[in-house]
Structures are given as structure tokens and as C-alpha cells.
Amino acid sequence: MTEPRELRSLVLVEVAAVLAIAVVPWPDRVPVALPLVVAATVARWVRGRSWSELWHGRGHAKVGALVGLGGFAVALAVMTPLAGGMVQWSEHAIVRGNASALWMVALLVAVTAAAEEAALRGWLVERALELRAPPLVAVLLGAAAEAIVMPGDLTNRLGAAVFGLGLGWIYVAGKRSLVAPVTARVVFVLALVAAEWLRLVD
């Protein structure tokens, strides 16, 4: 379906929003997922799109869980040595050996990851596909946007881009459903929290 010209012209506003999210020095207590999902929700609402239309194919959750676990295992076993041990996995030191803090942190990172992934794939990749970009281009754009908006050094941003490529691909392969990529990201971050709790990562 072809969008009215005024809606297609919103692309410049959406690009500006992504760049603004990337350059604004957000407080430490404000995860980048918050401005991302707010911008994504507004962008979809203006175009008469709802989030519900992207949640289909419940069987994709199993695929997403396997991708999340596999991605975490590969990242831990391969990416850290390739980066010369420079990858800092520990992000929630409070959970290290602390069972009472584990569930609170796990809930927080799961919600944040779900919002982040919904915005990146359900807004940015989906928007590129709506504008008739080839699937590979849409996936690459989503990965590039993830690298831009994610905080951290070059190593972290490259890792985010690689992860974004994989999640973008399963989003497209899953017939533009958020179920698999959101599940994959949530499982990945929960695996990281569990590894921190068990003190398996630095």
C-alpha cells in the first residue's frame, strides 16, 4: 500500500529523531530503550499503525529463545577473545552472588530489552521495508541504527551491529513478526544477568 506523500515525508523527521536519540547525553538512569520506544510509538501512531499487527506467529518464540542462547554462547566464546579481552560483560554488578537483587534486575533488563528490540525492528527495519527497501538493506539500516544509538565504545557498538544483523534477519524471515527477535534479545540479556549472578563474566 502506497502512503500519502505527507506521510512519506516523515522519513526525515524519523531520521532526525534517531540521530537526536544517539547524540543526546541521556542520564544513566534513562536507558536508550525509553526514548527509542517513545519515538517508535509516535511514528507508528502518526501513520495509523499499531504494535499489535507485529505480534504474530507465537511458535517463533522457541526460535527466538534458541537464537538468544546461541548468540550469548557465541559472543562469550568468540567475541571476547577476538576483541583481546576488551569486552566488558558485567553491567549489573549488584547481582553478583546476590539472589535478592537477581529478580528485580532480571525484570528490568527484560522489559528494557523488549522495548529496545520492538523499536529497532518494529519501527526502523519495518519502516525501511514499508518504503520498499530490499530486505537486506532494511536489515543493514537497522543494524547501523543500533550501533549509532547504543552507548559504549567502538567494540560495544560493533557487537551491537552484529547482533542487530542477526535479529533483523530473523525479523524478516519470520514474516515481519517481533516475536522471535524480541524473545532472542530478552533471552540474551537474561543469560547475561544469570552469568553475572554466577560470576561467570567480568
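Residues numbered from 1 in each chain as written. Predicted model: local features only at pLDDT ≥ 70, side-chain atom pairs only at ≥ 80, totals over all residues. Heavy atoms only, no water.

Draft legend 1. Quick look at the side chain of Arg185. Along the chain, Arg185 falls in helix H8 (residues 179-197). At a separation of 2.5 Å, a polar atom in the side chain of Arg185 contacts the side chain of Glu146. (Helix = DSSP H or I, 4+ residues; strand = E, 2+ residues; numbered from the N terminus. Polar contact = N/O pair within 3.5 Å; in protein donor to acceptor, adjacent residues only side chain to side chain.)

Draft legend 2. Expanded view of the nonpolar core. Grouped together as the largest cluster of nonpolar side chains are 33 residues, with contacts concentrated most on Phe72, Leu129, Tyr171, Leu178, Phe188 and Val193. Contributing elements (two or more residues each) for this core: helix H4 (60-82), helix H5 (99-130), helix H6 (135-149), helix H7 (154-173) and H8. Judged by nonpolar contacts, the second largest core, of 15 residues, contains Val32, Leu36, Ala40 and Val149. (Core = buried A, V, L, I, M, F, W, Y, C linked by side-chain atoms within 4.5 Å. Buried < 20%, exposed > 50% of the residue type's maximum accessible area, 1.4 Å probe, protein only.)

Draft legend 3. Just H5, in detail. With 32 residues, H5 should cover 46 Å at 1.5 Å per step; its first-to-last C-alpha distance of 45 Å lies within 8% of that length. Of all 32 residues making up H5, 23 are buried, and the element is well covered by its neighbours. Arg132 sits one or two residues past H5 and shows a positive phi near 70°. (Expected span 1.5 Å × (residues − 1).)

Draft legend 4. Looking closely at the packing of aromatic side chains. The full count for this structure, using the stated rule, is 2 aromatic pairs. Residues Phe72 and Phe188 carry aromatic rings whose centres are separated by 5.7 Å and whose planes lie at 80° to one another, so their mutual orientation is edge-to-face. Residue Phe72 is found in helix H4, and its partner Phe188 is found in helix H8; the two are separated by 116 residues along the sequence. We note that Phe72, like Phe188, is buried. Arranged with centres 4.7 Å apart and planes meeting at 40°, the rings of Phe163 and Phe188 form a pair that is tilted. Here Phe163, found in helix H7, pairs with Phe188, found in helix H8; they are 25 residues apart in sequence, far enough to count as distant. No difference in accessibility class separates Phe163 from Phe188, as the two residues are buried. Members of the aromatic cluster, each reached through a chain of ring pairs, are Phe72, Phe163 and Phe188. Above the face of the Trp51 ring, Arg44 is positioned so that its terminal group lies 5.3 Å from the ring centre. (Phe/Tyr/Trp six-rings, centres within 6.5 Å; stacked < 30°, edge-to-face > 60°. Lys NZ or Arg CZ within 6 Å of the ring centre and 35° of its normal.)

Draft legend 5. Seen up close, H8. Taking 1.5 Å per residue as the helical rise, H8 with its 19 residues ought to reach 27 Å, and the 27 Å between its terminal C-alpha atoms agrees with that figure. Within H8, 15 of the 19 residues are buried, which leaves it mostly tucked inside the rest of the structure. Count one or two residues on from H8 and you reach Arg199, which has phi positive near 60°.

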